[in-house]
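Chain and residue survey
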Amino acid sequence: MSFRSRPFRTRALARLLALVLLAVGGVVAGPAAPAAAAVTLQRVTAFGANPGQLSMYVYRPASLPAEPPVVIALHGCTQNAQTYADNSGLPELADRDGFLVVFAETSSANNLNKCFNWFQAADNRRGQGEAASIRQMAAHAVSAYSADPARTFVTGLSAGGAMTSVMLAAYPDVFAAGAVIAGLPYDCAKGGSPYTCMNPGVDKSPAAWAQLVRDAHPSWTGPWPRVAIWHGDADTTVVPRNADELRDQWTALHGIPQTPTRTSVIGPDATRQEEYAATDGTVVVEVDRVPGIGHGTPVDPGSGPGQCGHTGAAYFLTSICSAHWISKFFHLDGSTPDPDPDPGTLPAPSGLAASAVGDSSVTLTWDRVPGAADYALYRDGVQVATPAGPPHTDGGLAPGTGHTWTVAARDGTGTPGARSAPLTASTTGAPAACWKADNYRQVQAGRATTDGSYAYAKGSGQNLGLYNLYVTHTLREAPAGYYVIADAGCP
């Protein structure tokens, strides 16, 4: 659907949004490195009615398993399918892990800056506009390439990241999981301005955010897609606060707390990964906070393990190969954790508790089950030990990290019974995370909020003083998401 067929007010909004994105994004992207060799894409012209007037391109690895997974990739503003294929690292991961990539592409006829129209009801609702076109691409990939409909995923950057939120909300029956890079919560612009969503961001309760997703497909009651959220902590185009609001939206949908089950550090740049697990230990929401980068897709050019991508165009930023970790989150790398496969007849142990906690270990106890030969211990949904009985010390853990354990009794054949209720605990010893910045940047990074005049530390609510570039504080975060003033020193 071209802008010519839409009301003038919508055209003007989209045109202004495009210009704002271009003007701000051009500042943070920096100079581009020389482009790598172009990835070979196949254009598909007949994939459905295509009400959103999008283009479909497919990257098909030379070797694919039977019924391969499908990943839909959505580029950012000013980009196109080829640019995203050449630089994002997704084709490299598709070659390694064996999946199809469908690169959807919008045009200047839809949006002057070639942004997906995530903020327009004509394009962000189930069964219409650009959302419907992307859904048709997914269906065509399944039928044309004999792909697995149960392993269909979506990811995207910026406007493509916001459109990823649209697809997960509008089509939870299609997408098993998604990864939003520098994006926004679903329907953030409803009744308001897309500029406000981008910067300084919109604050809603988790329940209110979740309801917007439920309203996108009212007859759907679950299961909901799993979601990974990637964001640079120096992003001033789509501020990091949006990562928190996205987390709130999807943890509320999954019915789990907004406090991470565990946190860890990944990649060469010490990206902070927060994992939010369901009661069975499955990670259903993940937040990856990339230090020191602005607005763009994190890549780590090179041929080493965990490396991918290129910086041959704007908005591809050297830091960490996000595609590698997204593939892992989608379980495309061969990891297929099954929280509770075919339990045997033995009942679930009761009384699972942590009797001792250290920097690198947690000692667990539980009530013995009559008839049990031994036990299967699961950490974060993966079996890690088969102790003869309690107590058991689970070691080799990183300091200051949280994990979730369950335990099941096994019979004489080694078949585990039902799993216990989960226990979440954290190791000791990690230093608190601290940030020193002016109040404006603390708010932009999501560590503080503002009423327009004053800034307040998120969590504690401590008054930081005037919301400006001149008042500076050090904020200490402990636990995750709870900040206090630590100007006197931060351990």
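Residues numbered from 1 in each chain as written. Predicted model: local features only at pLDDT ≥ 70, side-chain atom pairs only at ≥ 80, totals over all residues. Heavy atoms only, no water.

A few words on the overall build of the protein chain. Scanning the protein chain from N- to C-terminus turns up ten helices and 26 strands. Of all 491 residues assigned to the protein chain, the portion counted as buried reaches 54%. Contacts spanning at least 24 positions in sequence make up 66% of the contacts within the protein chain whose residues lie at least 6 apart. (Helix = DSSP H or I, 4+ residues; strand = E, 2+ residues; numbered from the N terminus. Buried < 20%, exposed > 50% of the residue type's maximum accessible area, 1.4 Å probe, protein only. Contact = heavy atoms within 4.5 Å.)

Counting buried residues in strand E9 (residues 271–277) gives seven out of seven residues, a clear majority hidden from the surface. Where burial is concerned, the two faces of E9 agree: the one with Thr271, Gln273, Glu275 and Ala277 and the one with Arg272, Glu274 and Tyr276 are both buried. Two elements, strand E8 (residues 262–266) and E9, share five bridges in a ladder whose sense is antiparallel. Its bridge partner being in E9, Ser264 is matched across the sheet by Gln273. Between the antiparallel neighbours E8 and E9 lie four residues, among them Gly267 with a positive phi of about 75 degrees. Examined bridge by bridge, E9 and strand E10 (residues 283–290) share six bridges and lie antiparallel to one another. Bridging across to E10, Ala277 finds its partner in Val283. (Pairing = 2+ DSSP bridges.)

This part covers the nonpolar core. Of all hydrophobic cores here, the largest spans 63 residues; its most connected members are Ile72, Trp118, Ile134, Phe175 and Trp250. Considering each element in turn, this core owes the most residues, eight residues, to helix H5 (residues 159–170). With residues near it in sequence (within four places) discarded, Ile72 still touches Val102, Ile134, Ala138, Phe153, Val154, Thr155 and Phe175. By size, the runner-up hydrophobic cluster in this structure holds 41 residues, among which are Leu93, Ala228, Trp325 and Leu332. (Core = buried A, V, L, I, M, F, W, Y, C linked by side-chain atoms within 4.5 Å.)

Right, let's get into the sheet that holds strand E13 (residues 353–357). Read across the sheet, three strands follow the order E13-E14-E17 without closing on themselves; strand pairing throughout is antiparallel. Where the open sheet ends on each side, the last strands, each with one partner, are E13 and strand E17 (392–394). Neighbour to neighbour, the strand axes of the sheet diverge by 35 degrees on average, direction disregarded. Of the strand pairs in this sheet, strand E14 (residues 362–365) and E17 are connected by three bridges, and their pairing is antiparallel. Across the sheet, the residue bridging to Leu364 is His392, located in E17. (Axes fitted to C-alpha atoms, helices over the stretch in contact; angles between N-to-C directions.)

These figures come from the coordinates and say nothing about function on their own.
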